[in-house]
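A structural walkthrough
Each chain, written out:
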Amino acid sequence: MILTVTLNPSIDRRYFVKDFHKDKVFRTNEVQYTPGGKGLNVSRVINKFKEPVIATGVLGGLSGQFIIEKLDELEIENDFVKIKANTRSCIAILSDDGSQTEILEPGPKISQNELDDFYRTYEKLVDKSEIICGSGSIPQNAPVDIYKRLIEIAREKNKKFILDTSGKTLIEGIKASPYMIKPNEEELESIIGHSINTERELLEAIKGIQEYGVKLIIVSLGAEGSVVCYEDKTYKVEAPKIKAINPVGSGDSMVAGIAVGLSRGYDFEKMIKLATSCGTANAMEKETGKVNINNVEKLMEEVKMVRIG
Ligand code: TA6
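Note that this is a predicted model, so its numbers are computed, not measured.

With that out of the way, let us pick up the sheet that holds strand S7 (residues 100-104). Reading across from one edge, S3-S2-S6-S7 is the order of the four strands in this open sheet, with mixed pairing throughout. Each edge of the open sheet carries a strand with a single partner, namely strand S3 (31-36) and S7. Recorded for the sheet is a direction-independent mean angle of 20 degrees between the axes of neighbouring strands. Here six bridges tie strand S2 (residues 10-16) to S3, and the two strands are oriented antiparallel to one another. The residue bridging Tyr15 from the neighbouring strand is Val31, located in S3. Against the sheet, helix H1 (residues 38-48) makes contact with S2 and S3, and its axis sits at roughly 95 degrees relative to S3, the strand it touches most.

The following block contains the structure:
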């Protein structure tokens, strides 16, 4: 069983607007509302592979209800803690020039009782899961080291924790030695506190993170693929070239690919090729998280992995 944790879920409202630019009024008929937030995007991709997954986190208000209804329609098992405040929305405006503009709301504040309820639910669900994916931002007033605590609970129970977040929550989470992290270059620079301009500096930054005991480090480079470090080997992974329609959630789809690969006992190379193909396949679809499994299987043959360290 894979457990996904979405502490700050969202109704992802996606608009396709021809020739979008600021300072004008646009109408569009191309509108999509999906249960979002990184962890729920991860859940939807895992579900496409028919791997058992449970989604947890905190949800509130009419937005929270909408998300539960959508998860039930998708038959994604879920056990969210209900909170008083309303769950947020995140907006993505995609245009015919390939641009993608996102506006992410901060999300609700939660009470100490709601947080304690969540910890109790999380502990119960970790017991029946092998792999945990903690993805995305956290509620405005949640403790900045919340992921650190969730990772510690998972490690005490010998469960692998995949962490995909940014900023201070990522820096605090790393201190608990999650199994995997997936920063992009900007997030990696924020962890080490300086810019990365060469491959050598990138390799040194990765080594620095390995000292925290993180086993698998994937530095996502967007359409360029990623740099992956596992045990004492580092690879440059080239993603297949495609015409991207909607890249929103491709990082989340990569996380889902890793979780599915681990759950199925894939070897390292096959797991990385699956994760990379999930990210690419996601960008080929209009709807986030709606990867086509046939595309994933075809793309896996095109992924290139070159040892660089
Ligand atoms: O990665 C894409 C995405 O999950 C969007 O669907 C939107 O929900 C956003 O990221 C949320 O990001 P955050 O870091 O605030 O959890």
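To continue, consider the sheet that holds strand S4 (residues 53-60). The strand order S5-S4-S1-S8-S9-S10-S11-S12-S13-S14 describes an open sheet built from ten strands, whose pairing is mixed. Edge positions in the open sheet fall to strand S5 (77-83) and strand S14 (304-307), since each of these has one partner strand only. Two strands pair when backbone bridges link them, and strand S11 (residues 216-220) and strand S12 (residues 226-230) are joined in this way by five bridges, in the antiparallel orientation. What sits directly across from Ser220, in S12, is Ser226. Together, strand S10 (180-181), S11, S12 and strand S13 (233-238) form the strand contacts of helix H7 (residues 199-210), whose direction differs from that of S11 by roughly 145 degrees. Across the sheet, helix H8 (residues 250-264) is in contact with strand S1 (2-6), strand S8 (131-135), strand S9 (160-164), S10, S11 and S12; its angle to S9 comes to roughly 170 degrees.

Surveying the vicinity of the ligand reveals 13 residues, the closest of which are Asp12, Lys38, Asn41, Ser137 and Asp252. One of the side-chain N or O atoms of Lys38 is found 2.8 Å from an oxygen atom in the ligand. At 2.9 Å from an oxygen atom of the ligand is found a side-chain nitrogen or oxygen belonging to Asp252. Here the ligand loses 90% of its free accessible area of 390 Å² to cover by the protein chains. Elements with a contribution of two residues or more to the shell around the ligand: S2, H1 and S7. Looking at the shell around the ligand residue by residue, the class counts come to two nonpolar, six polar and five charged.

Between helix H3 (residues 112-127) and helix H4 (residues 146-156), whose axes approach to 10 Å, the crossing angle comes to 30 degrees. With respect to H4, the element H3 is oriented roughly parallel. At the point where H3 passes H4, the crossing takes the right-handed sense. Counting all contacts with H3, which are made through Leu115, Phe118, Tyr119, Tyr122, Glu123 and Val126, the residues of H4 involved are Ile146, Arg149, Leu150, Ile151, Ile153 and Ala154. Residue composition of the contact of H3 with H4, by class: ten nonpolar, no polar and two charged.

A separate point is the pattern of salt bridges. Counted according to the given criterion, the structure contains 15 salt bridges. Of the charged contacts in the structure, one is a salt bridge between Lys70 and Glu73, with a shortest N-O distance of 3.5 Å. Residue Lys70 and its partner Glu73 are both found in helix H2 (residues 61-73); the two are separated by three residues, about one turn of the helix. For Asp232, the salt bridge identified is with Lys233, shortest N-O distance 3.3 Å. By relative accessible area, Lys233 is classed as partly exposed at 31%. Linked by salt bridges that have partners in common, Glu123, Asp127 and Lys157 make up one network.

Another point: H4. Note: α-helices contain 3.6 residues per turn, so residues at a spacing of three or four share the same orientation. Turning to H4, its buried residues number three or more, namely Ile146, Tyr147, Leu150, Ile151, Ile153 and Ala154. Along the long axis of H4, the arc covered by the buried residues comes to 160 degrees, so they all point the same way. Structurally, H4 contributes buried residues whose contacts are with S1, H3, S8, S9 and helix H5 (167-174). Just downstream of H4 lies Asn158, where phi reads positive at about 60 degrees.

What characterises a pair of aromatic rings is the spacing of the ring centres plus the angle enclosed by the ring planes. With the rule as written, the count across this model stands at five aromatic pairs. Seen in terms of ring centroids, Phe118 and Tyr119 are 6.2 Å apart; in terms of plane orientation they differ by 50 degrees. Their pairing is tilted. Across the pair, exposure class does not vary: Phe118 and Tyr119 are buried alike. With a centroid separation of 4.8 Å and 5 degrees between ring planes, the pair formed by Tyr230 and Phe268 is classed as stacked. Linking Tyr230 in strand S12 with Phe268 in helix H9 (residues 268-283), this pair joins segments that are 38 residues apart in sequence.

About the criteria used
Residues numbered from 1 in each chain as written. Predicted model: local features only at pLDDT ≥ 70, side-chain atom pairs only at ≥ 80, totals over all residues. Heavy atoms only, no water. Pairing = 2+ DSSP bridges. Helix = DSSP H or I, 4+ residues; strand = E, 2+ residues; numbered from the N terminus. Axes fitted to C-alpha atoms, helices over the stretch in contact; angles between N-to-C directions. Contact = heavy atoms within 4.5 Å. Near = heavy atom within 4 Å. Polar contact = N/O pair within 3.5 Å; in protein donor to acceptor, adjacent residues only side chain to side chain. Areas by Shrake-Rupley, 256 points an atom, 1.4 Å probe, with all protein chains shown as cover. Nonpolar A, V, L, I, M, F, W, Y, C, P; charged D, E, K, R; others polar. Parallel < 35°, antiparallel > 145°, perpendicular 65-115°, else oblique. Left-handed = near helix turned anticlockwise from the far one by under 90°. Salt bridge = Lys/Arg side-chain N within 4 Å of Asp/Glu carboxyl O. Buried < 20%, exposed > 50% of the residue type's maximum accessible area, 1.4 Å probe, protein only. Arc of directions from axis to C-beta. Phe/Tyr/Trp six-rings, centres within 6.5 Å; stacked < 30°, edge-to-face > 60°.

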